[in-house]
Amino acid sequence: MDNILQPWPWYVSGPLIALVMVFLIYFGKTFGMSSNLRTLCSIGGAGKYSDFFRFDWKAQKWNLTVVLGAIIGGFIAVNFLSDGSAIDLNPQTIIDLEKLGFENAGSTLLPAEIYDWSNALSFKGLAILVVAGFLVGFGTRYAGGCTSGHAITGLSNLQLPSLIAVVGFFVGGLIMTHLLLPLIF
Amino acid sequence: MKFIKFLFVGIFFGIVLVKSEAVSWYRIYEMFKFQSFHMYGIIGSAVMLGAISIWAIKKFRVKSIEGKEIDLPPKNKSFARYILGGTIFGLGWALAGACPGPMYILLGTGVFSMLIVIAAATLGTFVYGLLRDKLPH
């Protein structure tokens, strides 16, 4: 039981994520979480503005069910399957983050400096969350997939386009982490 | 009942991503700083096992649960959309520390300010739909 309550090592987690993909393929679907954002647009009536959203979203109900499950899974994991141990970050990462003004790095899943309501509802904090979300939503659809669709499924299926997309993920991620985060924080 | 298996896969996915800490902003930051093998190990081992699985599914012509052929359509050939879209996505990923799966999972862990990110991501997808014909693909 201790092994379950502690954080899981990469060599357990990675294969289990592959299993999620295999299950969805075996169920006749694919592993792609960002498609749900397009579905949400369609449900909200975006088809009035663009053909891109004119499709039978009801055929995507299975994927919305995966989302519902993922929310429940997150709830179960933190409330019943965690011993509250801190994330075992590289000490250098913690020092680097302290320089940016992030305290207690790794004591929670997300930094309070970004996600606590007091920060999320400040002008700057709100701008960070809105810009970050917008870039993710815009970029993932432009690239035709996100981490699950390209980095896991696409690479597993030996798709060159997915490799290009993953290179892009890293180009963007490295620019943000090394050049922009020090300017923002 | 048809949907219950998808609900369970989702629950399993949510638990694995929390327990692996792949939903953590800090782990994403650490990955982009090349200061830990953790995230590379997760993605690398997932892709290795995933590639073997997909190879086996094709090789042995495994049928889906409904007895149909399993068809994994190849991605459209292009360069611009993948590198440009990917880079935009990466900028957001490293700032929010969450990609579209973890966004929902983190909501389940009780981080309700994530609703702002999810709403903004939905808006981003909507704006892509409006501009799609004007963008290089």
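Nothing here was measured: the structure is a model prediction, and the numbers come from that model.

*Asks:* So what exactly am I meant to see when it comes to the environment of Val23(B) here?
*Replies:* Looking at where Val23(B) falls in the secondary structure, it is placed in the loop between helix H1 (4–19) and helix H2 (25–32). The exposure class of Val23(B) is buried, given its relative accessible area of 0%. Spatially, the C-alpha atom of Val23(B) lies 6.3 Å from that of Ala98(B), the residues being 75 residues apart in sequence. Excluding its chain neighbours within four sequence positions, the residues that come into contact with Val23(B) are Leu109(A), Leu110(A), Leu17(B), Val18(B), Gly97(B), Pro102(B), Ile105(B) and Leu106(B).

*Asks:* Looking at this structure, how should I read the nonpolar core?
*Replies:* In a soluble, globular protein the nonpolar side chains are often hidden away together inside. The biggest cluster of nonpolar side chains holds 89 residues, and the ones touching the most others in it are Phe31(A), Tyr115(A), Trp25(B) and Met114(B). Top element by residues in this core is H1(B). It accounts for nine residues. Those residues in contact with Phe31(A) that lie beyond four places of it in its chain are Ile17(A), Val20(A), Met21(A), Leu24(A), Ser148(A), Gly149(A), Ile152(A), Thr153(A) and Phe13(B). Listed in part, the eight residues of the second largest apolar core include Ala46(A), Phe52(A), Phe53(A) and Tyr142(A).

*Asks:* Would you mind going over the interface of chain A and chain B with me for this structure?
*Replies:* For an interface, size is often stated in terms of accessible area lost upon the parts coming together. Listed per partner, the contact involves 127 residues of chain A and 106 residues of chain B. Interface of chain A and chain B: buried area, both sides summed, is about 10,300 Å²; carbon and sulfur atoms make up 79% of it. The interface formed by chain A and chain B holds one salt bridge in total. Asp96(A) is the partner of Lys33(B) in a salt bridge, and the nearest nitrogen-oxygen pair spans 3.5 Å. Counting residues per element, the side of chain A that touches chain B draws most heavily on helix H10 (residues 160–184) of chain A, which supplies 19 residues.

*Asks:* What am I meant to see in the environment of Pro136(B) here?
*Replies:* All names here are of chain B. Looking at the element boundaries, proline 136 is found in the segment after helix H6 (114–131). The partly exposed category is assigned to proline 136, whose relative accessible area is 44%. Each C-alpha atom, one on proline 136 and one on alanine 80, is 6.3 Å from the other, the two residues being 56 residues apart in sequence.

*Asks:* Would you explain the packing of aromatic side chains in this entry?
*Replies:* Two aromatic rings are characterised by how far apart their centres lie and by the angle between their planes. This structure, assessed with the given rule, holds 28 aromatic pairs over all chains. Residues Phe52(A) and Phe53(A) carry aromatic rings whose centres are separated by 5.2 Å and whose planes lie at 75° to one another, so their mutual orientation is edge-to-face. Given a relative accessible area of 8%, Phe52(A) falls into the buried group. An aromatic cluster is defined as three or more aromatic residues linked by ring pairs; in this entry it consists of Tyr49(A), Phe52(A), Phe53(A), Phe134(A), Phe138(A), Tyr142(A), Phe126(B) and Tyr128(B).

What counts, and where the lines are drawn
Residues numbered from 1 in each chain as written. Chains lettered and ligands numbered in written order. Predicted model: local features only at pLDDT ≥ 70, side-chain atom pairs only at ≥ 80, totals over all residues. Heavy atoms only, no water. Helix = DSSP H or I, 4+ residues; strand = E, 2+ residues; numbered from the N terminus. Buried < 20%, exposed > 50% of the residue type's maximum accessible area, 1.4 Å probe, protein only. Contact = heavy atoms within 4.5 Å. Core = buried A, V, L, I, M, F, W, Y, C linked by side-chain atoms within 4.5 Å. Buried area = accessible area lost by both parts, 1.4 Å probe. Salt bridge = Lys/Arg side-chain N within 4 Å of Asp/Glu carboxyl O. Phe/Tyr/Trp six-rings, centres within 6.5 Å; stacked < 30°, edge-to-face > 60°.

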